[in-house]
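# Remarks on the overall topology
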2 protein chains.
Amino acid sequence: MAAKPSSARGKQSPRRGASVQPLQEPRGEPPLSLERIVATAVELLDAQGVDGLSMRRLADRLGSGAMSLYWHVDSKEAVFDLALDSVLEYRGPPRAPAPQDWRGEVVHMLEDWRASMLRHPWSASLLPRRALGPNILSRLELLSNALSRAGVAQADLNVAIWSLWNYVMGATITRGSFELSDNDRVAAQQRLADLGERYPTIERSHLLLDDNWDGTFRKGLDFLLEGLAPKQ
Amino acid sequence: MAAKPSSARGKQSPRRGASVQPLQEPRGEPPLSLERIVATAVELLDAQGVDGLSMRRLADRLGSGAMSLYWHVDSKEAVFDLALDSVLEYRGPPRAPAPQDWRGEVVHMLEDWRASMLRHPWSASLLPRRALGPNILSRLELLSNALSRAGVAQADLNVAIWSLWNYVMGATITRGSFELSDNDRVAAQQRLADLGERYPTIERSHLLLDDNWDGTFRKGLDFLLEGLAPKQ
DNA sequence: ACCTGAACACCGTTCAAGT
DNA sequence: ACCTGAACACCGTTCAAGT
């Protein structure tokens with residue numbers, strides 16, 4: 001993730017006069033590279049959000065001129081695509097799963113997927129707009145495979161996969177967005193109470209205050225899986 | 001939606017010299033108003049997408065200076081909020097539903113919700129970032145109500161509501177985004193085929209070519225509802 | 001092959017004025 | 001009360017050059 005230590009710097013660049021303090025250069029920036037650009041873009045996105053990523057700021061962080069980026073990268077869009085994909089790799093469950101435990105496998109992968117996106121809150125809302133990077137495809141393949149083993153009919157397979165996709169994406173985008181505004185949520189629930197009888201049911205169940213996101217995600221996922229492949 | 005016909009124009013504005021063609025003024029713009037701003041913003045968003053809405057362009061369409069908008073509206077963000085809410089009203093099913101038909105009621109509302117957002121493709125991805133306008137709250141209230149009648153336990157009610165929310169939002173955001181790039185989807189499926197054995201299952205089921213969006217949405221919704229409130 | 005600065009055509013918003 | 005233009009501090013990207 002962090003920039004690589006040192007070594008390279010344009011081969012024989014004349015290095016104008018070995019100065020008095022050769023240790024700790026002002027900034028020993030390694031040369032630009034796709035890798036470094038993507039890693040830094042992820043850092044910047046994590047720190048400042050989608051609106052915080054500008055080509056000029058990214059170049060600043062990399063210690064280069066803004067236009068230098070365009071030699072490595074087609075456009076700002078491409079930076080988004082690359083940053084997104086770099087964040088969605090799946091390494092699988094800690095131990096090889098029992099082959100009949102399709103449910104555990106699916107739940108683990110989906111919770112990991114969600115967790116990866118929440119670690120990089122800009123990623124979830126970007127994904128549906130682009131999708132289809134190799135890391136996502138692997139996850140879908142895993143899903144498809146597990147659901148087949150679960151006995152989902154071939155004709156229902158795509159429906160089942162998209163349902164899970166929808167559920168995960170909806171949950172994660174929502175959570176990533178709401179999180180930023182905890183105060184707002186309390187304020188909203190208060191407004192609900194003030195409005196009194198217009199929304200009696202959701203006011204009573206404190207829908208907007210419910211902040212057990214992880215538990216809610218898991219329970220809802222169980223319901224959905226139950227609908228897709230009933231236990232009996 | 002369109003600008004109102006005529007009448008007003010700053011009362012006694014001197015109207016420099018009643019010219020030769022008094023019919024069909026250059027543009028008989030009515031004065032600015034929140035209503036007109038919001039309606040025009042929706043038009044502009046429909047036509048140009050989220051990135052197409054700028055305060056300057058919006059002002060142009062309204063025949064005013066860019067800064068005039070700020071008298072009626074706090075910021076560009078506020079314009080988004082208002083445009084979004086204006087697009088999400090629910091008028092209910094065509095006929096009063098049988099009170100025991102909670103499922104029909106839920107399905108109708110959710111399909112209408114999805115359809116409203118697809119009519120304005122910018123709206124779905126905006127909603128999770130803001131949520132909580134009165135029109136959305138009404139829809140959640142309806143959901144809560146129907147699910148109670150369906151026999152969902154009080155303790156599961158919020159989970160059930162958020163599950164449906166997640167499903168609808170995920171489905172609609174995904175569809176709204178993929179739609180723009182039909183060619184890409186075919187290309188992606190082709191790439192899948194080329195990659196051959198890396199993704200055998202989803203390649204075989206033509207996951208990425210499936211374009212029966214409405215049917216898939218409906219079937220998946222049925223699975224989810226079955227999980228939330230089993231028929232027996 | 002890799003990097004650069006100047007320039008273009010845009011942004012949202014502050015401010016001090018105008019009517 | 002309502003609208004305005006100039007100005008500020010930004011954008012992404014094209015282009016013609018530099019090494």
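- Looking up chain A in an unreviewed UniProt entry gives the name TetR family transcriptional regulator, with the organism given as Devosia nitrariae.
- Checking UniProt for chain A, the heading Function (unreviewed entry) contains the comment "TetR is the repressor of the tetracycline resistance element; its N-terminal region forms a helix-turn-helix structure and binds DNA. Binding of tetracycline to TetR reduces the repressor affinity for the tetracycline resistance gene (tetA) promoter operator sites."

## A short note on the UniProt feature "DNA-binding region" (unreviewed entry) in chain A
- Taken from the UniProt record, the annotation "DNA-binding region" (unreviewed entry) applies to residues 54-73 of chain A.
- As a span, residues 54-73 of chain A carries 60% helix and 0% strand, and end to end its C-alpha atoms are 14 Å apart.

## A closer look at the protein's contact with DNA strand D
- By nearness alone, 16 residues border DNA strand D, and A:Arg56, A:Tyr70, B:Ser68, B:Trp71 and B:His72 come closest of all.
- Sugar plus phosphate: this is where 51% of the atoms of DNA strand D within 4 Å of the protein reside.
- The contact in question runs from a phosphate oxygen of DNA strand D to an N or O atom on the side chain of A:Lys76, over 2.9 Å.
- In the model, a phosphate oxygen of DNA strand D is placed 2.6 Å from a nitrogen or oxygen of the B:His72 side chain.

## Considering the relation of the copies chain B and chain A
- When chain B is fitted to chain A, the residual RMSD is 0.1 Å, and the transformation amounts to a turn of 180 degrees plus an axial shift of 0.0 Å. As the rotation angle and translation indicate, the two copies are arranged about a two-fold axis.
- With an isologous cut-off of 70% or more, the 98% of interface residues of chain B that recur at the interface of chain A puts this contact in the isologous class.

## Topic: the pattern of salt bridges
- For the structure on display, the rule yields 20 salt bridges over all chains.
- The salt bridge partner of A:Arg218 is A:Asp222, with a shortest N-O separation of 3.6 Å. Of this pair, A:Arg218 and A:Asp222 are both found in helix H11 (residues 213-228), four residues apart, which corresponds to roughly one turn of the helix.
- Its relative accessible area of 35% is what places A:Arg218 among the partly exposed residues.
- A:Asp222 gets classed as partly exposed once you look at its relative accessible area, which sits at 26%.
- Note that B:Arg61 is salt-bridged to B:Glu43, the shortest N-O span being 3.4 Å. One end of the pair, B:Arg61, is in helix H2 (residues 55-62); the other, B:Glu43, is in helix H1 (residues 34-48), and 18 residues separate them in sequence.
- Under the relative-accessibility criterion, B:Glu43 is labelled partly exposed at 30%.
- What emerges from the salt-bridge pattern is a single network uniting A:Arg103, A:Arg218, A:Asp222 and A:Glu226.

## Quick notes on the protein's contact with DNA strand C
- Not every one of the 16 residues close to DNA strand C is listed here, only the nearest: A:Ser68, A:Trp71, B:Arg56, B:Met67 and B:Tyr70.
- Within 4 Å of the protein, the atoms of DNA strand C are drawn from sugar and phosphate moieties in a proportion of 51%.
- Within the backbone of B:Met55, a nitrogen or oxygen atom sits 2.9 Å from a phosphate oxygen of DNA strand C.
- A distance of 2.4 Å separates a base nitrogen of DNA strand C from a polar side-chain atom of B:Arg56.
- Put simply, the parts of the chain that give the surface near DNA strand C at least two residues each are helix H3 (69-72) of chain A together with H2 of chain B.
- The greatest single-element share of the surface near DNA strand C, amounting to three residues, is contributed by H2(B).
- Per-class residue counts for the surface near DNA strand C are seven nonpolar, six polar and three charged.

## Regarding the interface of chain B and chain A
- The interface is formed by 50 residues belonging to chain B together with 49 residues belonging to chain A.
- Connecting chain B to chain A are two salt bridges.
- A salt bridge links B:Asp156 to A:Lys219, with the nearest nitrogen and oxygen atoms 3.0 Å apart.
- The interface formed by chain B and chain A holds 14 residue pairs in polar contact (both at pLDDT 80 or more) in total.
- The biggest single contributor to the side of chain B that touches chain A is helix H8 (residues 157-178) of chain B, with 15 residues.
- Along the lines of polarity and charge, the residues of the side of chain B that touches chain A split into 26 nonpolar, 17 polar and seven charged.

## Quick notes on the domain arrangement of chain A
All names here are of chain A.
- Per the domain assignment, the segments of chain A are domain 1 (27-87) and domain 2 (102-228).
- Taking only C-alpha atoms into account, the centre of domain 1 sits 29 Å from that of domain 2.
- Taking both sides of the interface into account, the surface hidden between domain 1 and domain 2 amounts to around 1100 Å²; carbon and sulfur atoms contribute 64%.
- The largest per-residue losses of area from domain 1 upon contact with domain 2 belong to Leu84, Asp85 and Val87, which jointly make up 51% of the total buried on that side.
- Here domain 1 is connected to domain 2 by zero salt bridges.
- Counting across the interface, domain 1 meets domain 2 through three residue pairs in polar contact (both at pLDDT 80 or more).

## Topic: the packing of aromatic side chains
- Taken as a whole and judged by the stated rule, the model has six aromatic pairs over all chains.
- Plain terms: the ring middles of A:Tyr167 and A:Phe217 are 5.4 Å apart, the flat faces sit at 35 degrees to each other, and that makes the pair tilted. With A:Tyr167 in helix H8 (residues 157-178) and A:Phe217 in helix H11, this pair connects stretches of sequence that are 50 residues apart.
- Its relative accessible area of 3% is what places A:Phe217 among the buried residues.
- Ring geometry for B:Trp113 against B:Trp165: centres 5.7 Å apart, planes inclined by 65 degrees, an arrangement best described as edge-to-face. Pair noted here: B:Trp113 is in helix H5 (residues 102-119) and B:Trp165 is in helix H8, with a separation of 52 residues, a long-range link. One exposure class covers both B:Trp113 and B:Trp165, and it is buried.
- Ring-pair connections join several aromatic residues into one group, and the members of that group are A:Trp113, A:Trp162 and A:Trp165.
- Lying across the ring of B:Phe217, B:Arg114 places its NZ or CZ 4.6 Å from the centre.

## Side note on unusual backbone geometry
- The backbone of A:His206 sits at a positive phi, close to 55 degrees, despite the residue not being glycine.
- Relative accessible area serves as the criterion here: at 40%, A:His206 is assigned to the partly exposed category.

Cut-offs and rules
- Residues numbered from 1 in each chain as written.
- Chains lettered and ligands numbered in written order.
- Predicted model: local features only at pLDDT ≥ 70, side-chain atom pairs only at ≥ 80, totals over all residues.
- Heavy atoms only, no water.
- UniProt positions renumbered as here; feature names shortened; annotations may be inferred.
- Helix = DSSP H or I, 4+ residues; strand = E, 2+ residues; numbered from the N terminus.
- Near = heavy atom within 4 Å.
- Polar contact = N/O pair within 3.5 Å; in protein donor to acceptor, adjacent residues only side chain to side chain.
- Least-squares fit on C-alpha atoms with pLDDT ≥ 70 in both.
- Contact = heavy atoms within 4.5 Å.
- Salt bridge = Lys/Arg side-chain N within 4 Å of Asp/Glu carboxyl O.
- Buried < 20%, exposed > 50% of the residue type's maximum accessible area, 1.4 Å probe, protein only.
- Nonpolar A, V, L, I, M, F, W, Y, C, P; charged D, E, K, R; others polar.
- Domains from an automatic or database assignment.
- Buried area = accessible area lost by both parts, 1.4 Å probe.
- Phe/Tyr/Trp six-rings, centres within 6.5 Å; stacked < 30°, edge-to-face > 60°.
- Lys NZ or Arg CZ within 6 Å of the ring centre and 35° of its normal.

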